[in-house]
Structures are given as structure tokens and as C-alpha cells.
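# Structural features, examined
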Amino acid sequence: MPRGGIYILVLGLAAVCALIGASAIAVSRLSTRTVADLRDFDECSVLAQSAVDLALARVNANPTWRSTTVSGAITGPVTLGRGSVWYSISDLTDGNLGNNVVDPAQVFAVARIGRAARALAVQASPSSLSPVSALQCSLYASAGLNVNADFSVSGGPAATGGTATIAGGKKLTGNLDASLLLMFGSIDGTASAPVSARSMPPASVYDAYLARATTIPWSNLAMGTITTGVLSPGWNPYGAKNANGIYAIDVPAGNTLTIRTCRLVATLVVNLGAGSKLSVVNSVVWDPPSATQPSLIVRGTALASIDFVGTSTALKESSWNYNFNPPHTPYQGVSNTTMNDSFSSELHGVFHVIGSLTTTSVGADLKIVGCLISDGTVTVSGKNSLIKLDSAIGASPPVGYWSGGAMTAVRGTWQWQQVP
């Protein structure tokens, strides 16, 4: 073979060897990268599960998480191990995490390491649910209870997480639970002290109902009064109707909202400004629009107050020339177009006062069938009033009045998802 041919052959063999070597290196690098990607992918699987655990740990450490978390909003990214994670929590029922502690939620978590990523979703629910224990009482006052007039409770005790004081010469008919009892009068029933404080619904229940409410502008209420009329899901003389019968009123500082001589089939969500007042007086017939809703949620700031004063006088249509059970708002399923009916002056359902500095007064001749619960102090100032606990409330309370256990992942709902 000529020398030139040999030289060309040698060069060819060298090129082939170089190509083989380069290919081997490329294959080795690809294999190494594949192994690394598989390792990252497997680690992402672990990190995604850790992100779910992180989300659940955070919500369980925050009692107000439902009211402060926007459904579907992303939290993160957060560095975790060699990668990063983010998660979101979504309400699976109505897109609102804050309006019901029994609603299930979905935790959606994404983990990334380098080029690898995994997404995981799981349903979470409260581990246990029970009605807030305040609903086991006819009257519950977190801050304190003053009985300054003869007063009766039935179906459940009058109770307080603070001091209960029975004024001299005054009598409480029924049972009483208190952290501390100062007895100057008498009790026709059983007195228990010290007794642990009861659980109350979270303050966020106000915002949950406010989000579903139709606002009644203060300017639409003549003299700040709801009177001689009907307010219900089917009728609102002060503005637009709300199909759920939930209406919100913001009482300016120093003003008084008066509810009298009327019939309500409504959930009122009332905000009291500094020094303002809610007064429920005279012949008032009040029912919640649904057993799943309270009748009243009132939130008060400093120096705000609530007065409940009843009457033995029935709400008579003939006295006020008004039909209180028209077709759009039947009474116990009965409606008509006449004005000769009469209705007992009673308040039914849950009446809830939010605010430890807001005071509540129970005046004379008041009758509540349901319960009255307050963060603040309640003073009984008028005689012959009765609060009778409706046992159905404790068995099946309104939405938001449950005490939920820790959020836990529901077995069988873990699912790998497409990475967004």
C-alpha cells in the first residue's frame, strides 16, 4: 500500500476512535444526567408530600386561617431541601373558605428541583366537628353576668366564663354555671362554680355572613329605625332583597339602630361604631330565615351596647294597620291579605354579640327561644324575662357555629396532578 494510503488509513482510524470516545463521553454524560433527573424527580415526589404537610401544619397552627386565606391563592415558593415548593388551598364547596368550618378543602402542592417537577393534590377536612359549647347554654356571657332583676332560663343554664353576680333580693330561676359566683340574691336551680369557660364561635363568622349579605344603607333607615313592617328574603322595604335573608347594617359612631313593632325573618349582620347602640324593643317577632343561619350577629367596638327589651303585648295587625304575614313572608307557613292576625312577641334563633368590650342588657318581659351568646358582659336589668334554649340549635347549629378539629388529609384522595 502506498505511504499516502497508510497515512489516510491511520487518520481514519484515529477519527473513528475519537468519535467513539466522544460518543462514549456523551452517553456517559446523558446517563449521568438521566440518573440525576430521576433522582430529582423522586425527590420532588417527597417534597410535594412535604409541601402538603407544611400547608396543613400552618393552617392548624392558625385558628383564623379560614378567614385570612383566599381560596386558590398561591403561598410560596418556599425553599425546602434541595428544591422549592408552593401550595394553594381551595374551598371545594363554594370557593369561600371562611363561611363554613365544615367545608372540605383541597391542598394543591408543586415541588421543583432543577428540571424536575411534581404536583400533588389531596382533600382535607376537619378531623372532628362539634357545636361550639356556648350553644349548650340559654345565655352565655364570656366576660361576666350580672343578674339585677328576677330572670328565668330553661333548657340550658345561664353561664359565664367570668364572674356571675346575683344582686341582693333578685332571683335567677334555672341553672347557673360560672367561673366565679357572687351570690347576694338567690337561685331556684343548681349553681356550679368554678366551671371552665365555654367555646365561642370565631369572630370571623361575622365576615363570613357579611360577605353574603345585602347592605341596608344607614341613610335608608328613617331615624335609624326598622319598624312597622316586614324584612325577609322575599321583602326588603329598605333596598334590594337578599334571597338568603341576610342583611347588613353599619351603625355610625354615636348612633342608635332601633328595631321595634315589626316582624323579621332575617339574619341581621350589624356593625356598631364607637359609642353606638342596637335597641330591640316592644313588639318584635323575629325568626331566622333558615335553621342554618343565626338571627343576629352584632359586632361592637368600645362603648357600644345592645339592649333587648320585650313586652307582653302581641304584635297585632289591627293596631298597626299592617299585614305582618303577607304572601311573600308567611308566618309558620300561613299567609293572607287580611289585617286581623296577632303574633306573640318572641325572638327565635341564635343572637350573637361579638366584642369583649360590648355590653348587652336584657330588659323586662323579653322572651328568646334559642340562645343569646356574647363575648362581653350581659346584665339582666328588667324583670320577667325568659330565655329558653332551643335544643335543636345545639344538635344542628347554624353555619359557622361549629368547633372544628385539626385539618387532616382524607385517606384515598391523594392524586398526582399535571404540573401547571
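Here, every reference points to the structure presented above.
Anyway, here's the lowdown on the structure attached to this text. Please read these numbers as outputs of a predicted model, since none were measured by experiment.

So, how was this worked out
Residues numbered from 1 in each chain as written. Predicted model: local features only at pLDDT ≥ 70, side-chain atom pairs only at ≥ 80, totals over all residues. Heavy atoms only, no water. Helix = DSSP H or I, 4+ residues; strand = E, 2+ residues; numbered from the N terminus. Rg over C-alpha atoms; globule rule 2.2 N^0.38 Å. Buried < 20%, exposed > 50% of the residue type's maximum accessible area, 1.4 Å probe, protein only. Contact = heavy atoms within 4.5 Å. Areas by Shrake-Rupley, 256 points an atom, 1.4 Å probe, with all protein chains shown as cover. Lys, Arg positive; Asp, Glu negative; His and termini not counted. Charge placed at Lys NZ, Arg CZ, Asp CG, Glu CD. Core = buried A, V, L, I, M, F, W, Y, C linked by side-chain atoms within 4.5 Å. Salt bridge = Lys/Arg side-chain N within 4 Å of Asp/Glu carboxyl O. Pairing = 2+ DSSP bridges.

## So, the overall build of the protein
Counting its regular elements, the protein contains 5 helices and 32 strands. For the protein, whose C-alpha radius of gyration is 32 Å, the value lies well above the compact-globule estimate of 22 Å for 420 residues. Its C-alpha atoms give the protein principal-axis dimensions of about 130 × 50 × 40 Å. Within the span of the protein, comprising 420 residues, buried residues form 45% of the whole. Counting only contacts in the protein whose residues sit at least 6 apart along the sequence, the fraction spanning at least 24 positions is 57%. Approximately 19,100 Å² of the protein is accessible, and the part contributed by carbon and sulfur atoms is 56%. Distance from the positive charge centre (24 side chains) to the negative charge centre (21 side chains) of the protein: 10 Å.

## A closer look at the nonpolar core
The biggest cluster of nonpolar side chains holds 49 residues, and the ones touching the most others in it are Ile 259 and Trp 286. Aside from chain neighbours lying at most four places away, what touches Trp 286 is Ile 259, Leu 264, Ala 266, Leu 268, Val 280, Ser 295, Leu 296, Glu 346, Leu 347, His 348 and Phe 351.

## Comments concerning the pattern of salt bridges
Evaluated as defined, the whole model comprises 7 salt bridges. The residue Arg 82 makes a salt bridge to Asp 40 at a minimum N-O spacing of 2.5 Å. With Arg 82 in the loop between strand S1 (74-80) and strand S2 (83-91) and Asp 40 in helix H1 (residues 3-60), the pair connects residues that are 42 residues apart, well separated along the chain. Taking the relative accessible area as the measure of exposure, Arg 82 reaches 45% and is therefore partly exposed. Between Lys 367 and Glu 346 there is a salt bridge, with its nearest N and O atoms 3.2 Å apart. Here the residue Lys 367 occupies a position in strand S27 (residues 367-374), and Glu 346 occupies one in the loop between strand S24 (342-343) and strand S25 (347-354), the gap between them amounting to 21 residues. Accessibility expressed as a relative area gives 18% for Glu 346, which makes it buried. Salt bridges sharing partners connect three or more residues here, namely Arg 39, Asp 40, Glu 43 and Arg 82.

## Side note on the pairing of strand S18 (residues 256-265)
Most of S18 sits out of view: 8 of its 10 residues are buried. Pairing geometry for strand S15 (residues 225-227) and S18, over 3 bridges, is parallel. Its bridge partner being in S18, Ile 226 is matched across the sheet by Ile 259. Pairing between strand S16 (residues 230-231) and S18: 2 bridges, direction parallel. Each residue of the ladder has a partner; that of Leu 231, found in S18, is Leu 264.

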